[in-house]
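Coordinates in review
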Amino acid sequence: GLELSHCVGANSLGTAGPWRSGGPCKMKRVRTVFKPEQLERLEQEFLKQQYMVGTERVDLAATLHLTETQVKVWFQNRRIKWRKQSMEQKAAKLSQFGVIQPATADSTDIKDHEEDTVDVEL
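Here we summarise the structure given alongside this text. (Residues numbered from 1 in each chain as written. Predicted model: local features only at pLDDT ≥ 70, side-chain atom pairs only at ≥ 80, totals over all residues. Heavy atoms only, no water.)

A few words now on helix α3 (residues 68-96). With 29 residues, α3 extends 42 Å from end C-alpha to end C-alpha; this agrees with the ideal 42 Å at 1.5 Å per step. Positioned one or two residues after α3, G98 has a phi angle of 80°, which is positive. (Helix = DSSP H or I, 4+ residues; strand = E, 2+ residues; numbered from the N terminus. Expected span 1.5 Å × (residues − 1).)

Quick look at the structure:
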C-alpha cells in the first residue's frame, strides 16, 4: 500500500490544531524513490512509447516491483517533463532566428494537456 508519514498539523496528542478544528488528521504521502535500474527501464520504455496502458503497464510494474499506479504516475510526470523540454528547445531555435514567441503560447499549450498533470507523487 501507500506509505504515509506523520500527521500534518497535529499536536503531540494527535488531535487537530486550532486551524483544523474537528477534521480528520491529514496524512502526507511519502514520495517514491525509484532505484536507478527502475528509472533506466522506465526511460527505455518511454523512448519507445510515451503512453503505457493496459497489460503493458501491469507487466512493467510487476517486472520493476512497483505498483501500476506508480508506473502510471511516472509516465504522466515524464510526459509533462518531455513537453516542457520540447517547448524550451522550440523556443531556443526560434530565438536563434530572432523570432520571439508570445508569452501566452506556453500557458495555452499546457492547458490543452491538463489531464496529464499530477499534483501528488507516489
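F34, L42, F46, M52, L60, A61, L64, L66, V71, W74 and F75 form the largest nonpolar core, which has eleven residues in total. Among the secondary structure elements, those contributing two or more residues to this core are α1 (36-48), α2 (54-64) and α3. (Core = buried A, V, L, I, M, F, W, Y, C linked by side-chain atoms within 4.5 Å. Buried < 20%, exposed > 50% of the residue type's maximum accessible area, 1.4 Å probe, protein only.)

Moving on to the pattern of salt bridges. Per the counting criterion, the structure on display carries four salt bridges. For E45, the salt bridge identified is with R41, shortest N-O distance 3.1 Å. Taken together, the positions of E45 and R41, both in helix α1 and four residues apart, correspond to about one turn of that helix. Note on E45: relative accessible area 10%, which makes it buried. Residue E45 is joined to K48 by a salt bridge in which the shortest nitrogen-to-oxygen separation is 3.5 Å. Taken together, the positions of E45 and K48, both in helix α1 and three residues apart, correspond to about one turn of that helix. K48 sits in the exposed class, given a relative accessible area of 65%. The structure contains a network of salt bridges with shared partners spanning R41, E45 and K48. (Salt bridge = Lys/Arg side-chain N within 4 Å of Asp/Glu carboxyl O.)

This paragraph deals with α2. Listed in full, the buried residues belonging to α2 are R57, L60, A61 and L64. The buried residues of α2 occupy one face: seen down the axis, they fall within an arc of 100°. Opposite its buried face, α2 presents the exposed residues T55 and A62, each directed more than 90 degrees away. Where the residues of α2 are buried, they touch α1 and α3. Where α2 terminates, the next one or two residues include H65, which has phi positive at roughly 60°. (Arc of directions from axis to C-beta. Contact = heavy atoms within 4.5 Å.)

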